[in-house]
Amino acid sequence: MIEFSQRMQTFHLTNGQISYLLKIEDHQYLSHLYFGPAVKDYSGHFSYPRQARSFSPSPAAYPRHDFSLDTVMLEYPAGNDDFRVPAITLRHPDGSRVSDFRYDSYQITKGKPDLAGLPHTYVTDDNDCETLCLTLKDALSGLRLHLFYTIFAQQDVISRHVVLHNDGANTCTIEKIASLNLDFPNQPMDLIHLPGGWAKERMVVREPVTTGIKLLDSKRGASSSQQNPAVILTAKETTETLGDAYGLTLVYSGNHEITVEKDQYDQTRATIGINSFGFDWQLAPGASFTAPEALLAYSDQGLNGLSRQFHQVINQHLIPQRYQKMDRPILVNNWEGTYFDFNDEKILAIAKEAQALGIEMFVLDDGWFGHRDSDNSSLGDWFEYPGKLKNGLVALAQEIKALGLQFGLWFEPEMISEDSELFRAHPDWRLQVPGRQPASGRQQFVLDFSRQEVRDEIFRQMTAVLDQLPIDYIKWDMNRNMTDVFSAVLPANQQGEVAHRYILGLYELIDRLTKRYPTILFESCSGGGARFDCGLLYYMPQTWTSDDTDAGERMKIQYGTSLIYPQSTMGAHVSAVPNHQVGRNTSLLTRGNVAMGGLLGYELDLTQLSTEEKSEIKEQVAFYKEHRQLLQYGDFYRLVSPFDDNLVAWQFISRDQKESIVFFAQQYAQPNPPLRVLKLQGLNPDLTYQINDQEIAGDELMQIGFYLPIDLHGDFDSRLVVLKAK
Ligand code: DGJ
């Protein structure tokens, strides 16, 4: 899959679908040649037009006067006489920021190396991918840079990461180290990204790439609701179904930085990596630093094609192997049903209703520990005081299990309340700058997870609970942004390491817990979907998508999320109306239909429902169970975008193309509405499908489509249609 041509001095990574080409130029600089659809035998014709640049005033260090780094597409730029956004910036002991990395050697291996302490894609069979490691050296400083590229055989995805070693005699400071740089030749492009906020995560924004630098980032200590760590670059004409689409995402859960720059020659450069804001890292002699993995995907079948590449790589090479294709349970969570106001009777009553409706798991959310009757106390005290649960948590869990339900529990391990035993014992364990009052968020503070002893104490407390509990699931929450980033145990010149050390510490703790309890299903959560990223998905195969459970809002949130993340990662619950976040009334039908676009769950007081509502939920649950593999793991196609249209539609298709489910909804009811035709995708053109009481050929459904029923009535009315091949 990876070839080095001695004659052309090029590396060609290809899986038959995509090609990635880079070249060792004169003076051992690495230029980028190409990324896109596969080329069979690259001839070497494409090379930098040196003479054409002889008029350029861009500087070039002698003797490469005809080869200015400022003008050429580069593989991993270090700045200096390349004036665009660099991939790496280092501060040397003499105060200079000039580095000059030249190609040294390469290695091609089957399979894929692990990343020290960081989440990453993996293979279980070394034949599923091949890895190129390029070594570059900066002679003066003695720094050695390894650029890793892994190309997957079955997915049109290349994973990349970077390791920097200090073979020199002095400590150097890393100011920026991107995980990936990708230069594109002169071509008009669009940028698609996923900004948002609490309860409105991953809204889709598409805009032209224009001259200058676009910075998309998070400084919040988490990947954030405000800017998901992923972008897509497309040709101008790219749609959901057609055209070039290049996707970049980071396998990381902390501060991130994405830049997209269009330069003086209309070339585009994209970088993605740890945010350089507030970051620097002391790299001592003999030490190495590993930057997080980034994933690069390509499709010539538009955004849907690109999403399928990401979905497959996440489902098959990122989430824990145990959960690949595993039926995810339908759960009921008590948060919106009770908030903090619950006792054993109330919980058991909801659990009994859930069991009767066919729901498979009960999740006890926030409020079971310490003196936690509101959000102003007890974080950090992961034990019970007698009282709230009459017979205690273990007895309650046992009763729930005795009903035949699985049992799940909420934790927010990274946080501390001032009103807690932990804070009284260790007031210096939170992130805070000596002499300054740290900012509180939701009346809580962030524990310094860069410290081993802090993590050890949380591990001790959590295992004390988990070791005695019959537990199947953990919801791992994190409800505030990181501020006052300062660790009491690090010296002044290492304070720029705290945010990243925190994330490394977080991964270390999660790794310990998930290894100790391999059968517990973990779902990550962060005030809704503020840490929906590939980093946490490596440990926890599903994520709470958003605190906004309104079906109308969820259509957009789940649609945007699906650009990168598969439906098998998206927690999606039916909640009560009027909706608690936006006050909107939607039908139970639509709430169910939308929640089935992700991992179906319920989050309301089931005891308050009417008989009709209960029987409707029973039907939803039965339908979801019948089609669970298709809904959770089928290929996902977005058909009509709620960001562009009053209509929204998506479709699931089984791998063998024999079964499909189509979801469509109108957002706002219109008088005398237009007659709409919906064309399906991904079906087998040669098969005939049973759809309602008709039999229609796959090619007809895709080319001609079908009229949407005219009985869609009222705001956010929706339908699910099942197709089965004859
Ligand atoms: C925020 C989460 O997103 C909610 O689902 C819920 O678990 C609350 N935290 C509990 O405090």
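Residues numbered from 1 in each chain as written. Predicted model: local features only at pLDDT ≥ 70, side-chain atom pairs only at ≥ 80, totals over all residues. Heavy atoms only, no water.

Draft legend 1. Broad picture of the packing of aromatic side chains. Counted by the stated rule, this structure contains 32 aromatic pairs. Judged by centre distance (6.1 Å) and plane angle (70°), the ring pair of Phe-35 and Tyr-298 falls under edge-to-face. Taken together, the positions of Phe-35 in strand E4 (residues 30-37) and Tyr-298 in strand E19 (residues 288-299) put the pair 263 residues apart, joining distant regions of the chain. Centre to centre, the rings of Tyr-246 and Tyr-298 are 5.1 Å apart; their planes meet at 50°, and the pair counts as tilted. Of this pair, Tyr-246 sits in strand E15 (residues 245-250) while Tyr-298 is found in strand E19, placing the two residues 52 residues apart along the sequence. Each member of the pair, Tyr-246 as well as Tyr-298, is classed as buried. Taken together through their ring pairs, the aromatic side chains of Tyr-20, Phe-35, Tyr-149, Phe-184, Tyr-246 and Tyr-298 make up a single cluster. The lysine or arginine in question, Arg-322, covers the ring of Tyr-323, its NZ or CZ lying 5.6 Å from the ring centre. One Lys or Arg, Arg-554, reaches over the ring of Trp-544 and ends 4.8 Å from the middle of that ring. (Phe/Tyr/Trp six-rings, centres within 6.5 Å; stacked < 30°, edge-to-face > 60°. Helix = DSSP H or I, 4+ residues; strand = E, 2+ residues; numbered from the N terminus. Buried < 20%, exposed > 50% of the residue type's maximum accessible area, 1.4 Å probe, protein only. Lys NZ or Arg CZ within 6 Å of the ring centre and 35° of its normal.)

Draft legend 2. Highlighting the sheet that holds strand E29 (residues 599-603). Within the closed barrel, the eight strands sit side by side as E20-E21-E22-E25-E26-E27-E28-E29. Their pairing is parallel. Neighbour-to-neighbour, the strand axes of this sheet turn through a mean angle of 30°, independent of strand direction. In the sheet, strand E26 (residues 521-524) pairs with strand E27 (residues 542-544) via two bridges, with the strands oriented parallel. Across the sheet, Glu-523 pairs through a bridge with Gln-542, a residue of E27. Seen against the sheet, helix H6 (residues 452-466) touches strand E22 (406-411) and strand E25 (473-476) and runs at an angle of roughly 160° to E22. Sitting on the sheet, helix H7 (residues 498-516) is in contact with E25 and E26, with an inclination near 170° to E25. (Pairing = 2+ DSSP bridges. Axes fitted to C-alpha atoms, helices over the stretch in contact; angles between N-to-C directions. Contact = heavy atoms within 4.5 Å.)

Draft legend 3. Representation of the sheet that holds strand E30 (residues 635-640) in the model. Pairing is antiparallel in the open sheet, where six strands are placed in the order E30-E31-E32-E37-E34-E35. Lying at the two open borders of the sheet, with one neighbouring strand each, are E30 and strand E35 (694-697). For this sheet, the mean inter-axis angle between neighbouring strands, taken without regard to orientation, is 25°. Relative to strand E37 (residues 718-725), strand E32 (residues 659-666) is paired through seven bridges, and the arrangement is antiparallel. Across the sheet, Ser-660 pairs through a bridge with Leu-723, a residue of E37.

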